[in-house]
Amino acid sequence: MSLFEKAASVEPKLAEVLAIAELAMGDDQAHGWPHVVRASKYAEAIVISEELHDVNWPVLCIAIALHDVGRSKEKALGRHHSFISAEMAGNMLIRMGFSHGFTDCVKKAILAHSYSLKVRPETIESKILSDADKLDAIGAIGIARVLYTSCGMRRGFKESIEHFRQKIIKLPDYMYFKSAKKIAVKLIEEVNTFIQWYEEQSFLLEINI
Ligand SMILES: [Fe+2]
Ligand SMILES: [Fe+2]
């Protein structure tokens with residue numbers, strides 16, 4: 001049983017939330033629904049490896065599904081997308097009849113998911129989301145995500161490599177679960193190898209772009 005199926009078995013409204021989330025997130029490979037699906041698989045792996053039994057499945061799944069929903073509004077609103085996503089998720093859940101307590105737990109997890117905002121996750125669901133989100137930013141998929149995003153924002157090769165150095169290679173230090181850290185350390189080798197290959201090729205070609 002997948003994480004989403006498990007949550008749906010205890011929360012009848014979950015299917016509707018996920019359907020709305022999928023539509024809102026869109027098919028952006030880096031931060032849209034494909035990212036949500038991959039993050040949910042990492043979250044599932046963490047839950048199994050760590051033998052976590054006291055997880056609120058619907059809170060976790062909804063937080064994963066909506067954690068980046070406000071990303072596209074970030075520039076226009078001039079606020080970090082964690083705040084926008086938490087607000088959007090909160091409004092939606094209250095409208096759908098979820099309790100304030102449940103909604104607050106989802107909002108807390110969303111607010112603490114981002115590396116750049118540096119809000120420390122406190123609940124178990126927040127920590128799982130934070131680790132799962134970061135795992136999707138490293139390894140071969142992480143490399144593909146950065147380059148895909150760079151393309152969209154017309155960020156050059158050099159800046160993309162700098163992004164790996166400044167942010168991506170530091171992510172294993174921010175894992176909360178041992179099993180996530182173990183995966184992260186393995187995946188970061190792929191990123192380091194990629195940076196090294198890029199540097200070697202640039203050196204051979206005598207280019208600095
Ligand atoms: Fe995010
Ligand atoms: Fe994310």
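What counts, and at which threshold
- Residues numbered from 1 in each chain as written.
- Chains lettered and ligands numbered in written order.
- Predicted model: local features only at pLDDT ≥ 70, side-chain atom pairs only at ≥ 80, totals over all residues.
- Heavy atoms only, no water.
- Donors = N, O, S within 2.8 Å, 3.2 Å for Na, K, Ca; no water.
- Helix = DSSP H or I, 4+ residues; strand = E, 2+ residues; numbered from the N terminus.
- Buried < 20%, exposed > 50% of the residue type's maximum accessible area, 1.4 Å probe, protein only.
- Domains from an automatic or database assignment.
- Contact = heavy atoms within 4.5 Å.
- Salt bridge = Lys/Arg side-chain N within 4 Å of Asp/Glu carboxyl O.
- Polar contact = N/O pair within 3.5 Å; in protein donor to acceptor, adjacent residues only side chain to side chain.
- Nonpolar A, V, L, I, M, F, W, Y, C, P; charged D, E, K, R; others polar.
- 1 Å grid on protein atoms, 1.4 Å probe; cavity = no way out; pocket = protein on both sides within 12 Å on 5 of 7 lines; lining within 4 Å.
- Points joined across faces, edges and corners; volume = space filled by probe spheres on them.
- Phe/Tyr/Trp six-rings, centres within 6.5 Å; stacked < 30°, edge-to-face > 60°.
- Lys NZ or Arg CZ within 6 Å of the ring centre and 35° of its normal.
- Disulfide = S-S within 2.5 Å.
- Tetrahedral: all angles 85-135°; square planar, octahedral: opposite > 155°, others 65-115°.
- Core = buried A, V, L, I, M, F, W, Y, C linked by side-chain atoms within 4.5 Å.

Caption draft 1: Representation of the coordination of the iron ion (ligand 1) within the structure. Surrounding the iron ion (ligand 1) are the protein donor atoms Asp-68 (OD), His-81 (NE2) and His-113 (NE2), at 2.1 Å. Written as a sequence motif, the donor arrangement for the iron ion (ligand 1) is D-x12-H-x31-H. Separating the iron ion (ligand 1) and the iron ion (ligand 2) is a distance of 3.7 Å, and Asp-68 donates to both of them. With His-81 in helix H6 (residues 81-95) and His-113 in the loop between helix H7 (100-111) and helix H8 (124-135), the pair connects residues that are 32 residues apart, well separated along the chain. In this structure His-81 comes out as buried when scored by relative accessible area, which is 5%.

Caption draft 2: Region of interest: the domain arrangement of the protein. One can read the domain layout of the protein as domain 1 (1-119) and domain 2 (137-209). The gap between the C-alpha centroids of domain 1 and domain 2 is 25 Å. Taken residue by residue, the interface counts 14 residues in domain 1 and 15 residues in domain 2. There are zero salt bridges connecting domain 1 and domain 2. Where domain 1 touches domain 2, the interface holds five residue pairs in polar contact (both at pLDDT 80 or more). Among the residues making up the side of domain 1 that touches domain 2, the classes are represented as five nonpolar, four polar and five charged.

Caption draft 3: View of the layout of surface pockets. Considering only enclosed or pocket space, the largest pocket measures out at about 960 Å³ in volume. Taken together, 34 residues form the lining of the largest pocket, with His-31, Arg-71, Glu-74, His-81 and Thr-149 sitting closest to its centre. Of all the elements in the fold, those that place two or more residues in the lining of the largest pocket are helix H2 (14-25), helix H5 (74-77), H8 and helix H9 (139-153). By residue number, the principal contributor to the lining of the largest pocket is H9, which donates seven residues. For the lining of the largest pocket, the class distribution of residues is 11 nonpolar, 13 polar and 10 charged. Each of domain 1 (1-119) and domain 2 (137-209) contributes no fewer than three residues to the lining of the largest pocket.

Caption draft 4: Inspection of the packing of aromatic side chains at higher detail. Taken as a whole and judged by the stated rule, the model has five aromatic pairs. Geometrically, the ring pair formed by Phe-164 and Phe-194 is edge-to-face, given 5.7 Å between the ring centres and 70 degrees between the ring planes. Placement of Phe-164 in helix H10 (residues 157-166) and of Phe-194 in helix H11 (residues 178-205) is noted, with a sequence separation of 30 residues between them. Judged by its relative accessible area of 23%, Phe-194 falls in the partly exposed class. Sitting above the plane of the Tyr-115 ring, Lys-118 keeps its charged end 4.3 Å from the centroid.

Caption draft 5: Summary view of the state of the cysteines. This model, assessed by the stated rule, comprises zero disulfides. Distance from the sulfur of Cys-61, which forms no disulfide, to the nearest cysteine sulfur (Cys-105) is 14 Å. The exposure class assigned to Cys-61 is buried, which follows from its relative accessible area of 0%. Overall, Cys-105 belongs to the partly exposed group, its relative accessible area being 34%.

Caption draft 6: Structural detail: the coordination of the iron ion (ligand 2). His-35 (NE2), His-67 (NE2), Asp-68 (OD) and Asp-133 (OD) make up the full set of protein donors to the iron ion (ligand 2), lying at 2.2 Å. Coordination at the iron ion (ligand 2) comes from four donor atoms whose angles at the metal span 81 to 174 degrees, giving a geometry best classed as irregular. Here the donor residues of the iron ion (ligand 2) share one chain and are spaced in sequence as H-x31-H-D-x64-D.

Caption draft 7: Structural view of the nonpolar core. If you look at the biggest cluster of nonpolar residues, it comprises 59 residues, and the most contacted ones within it are Ile-62, Leu-66, Ile-138 and Ile-168. Tallying contributions element by element places helix H4 (residues 57-66) first for this core, with nine residues. Looking at which domains feed residues into this core, each of domain 1 (1-119) and domain 2 (137-209) supplies at least three. Filtering out sequence-adjacent residues up to four positions away, Ile-168 remains in contact with Ala-137, Ile-138, Val-146, His-163, Ile-188 and Val-191.

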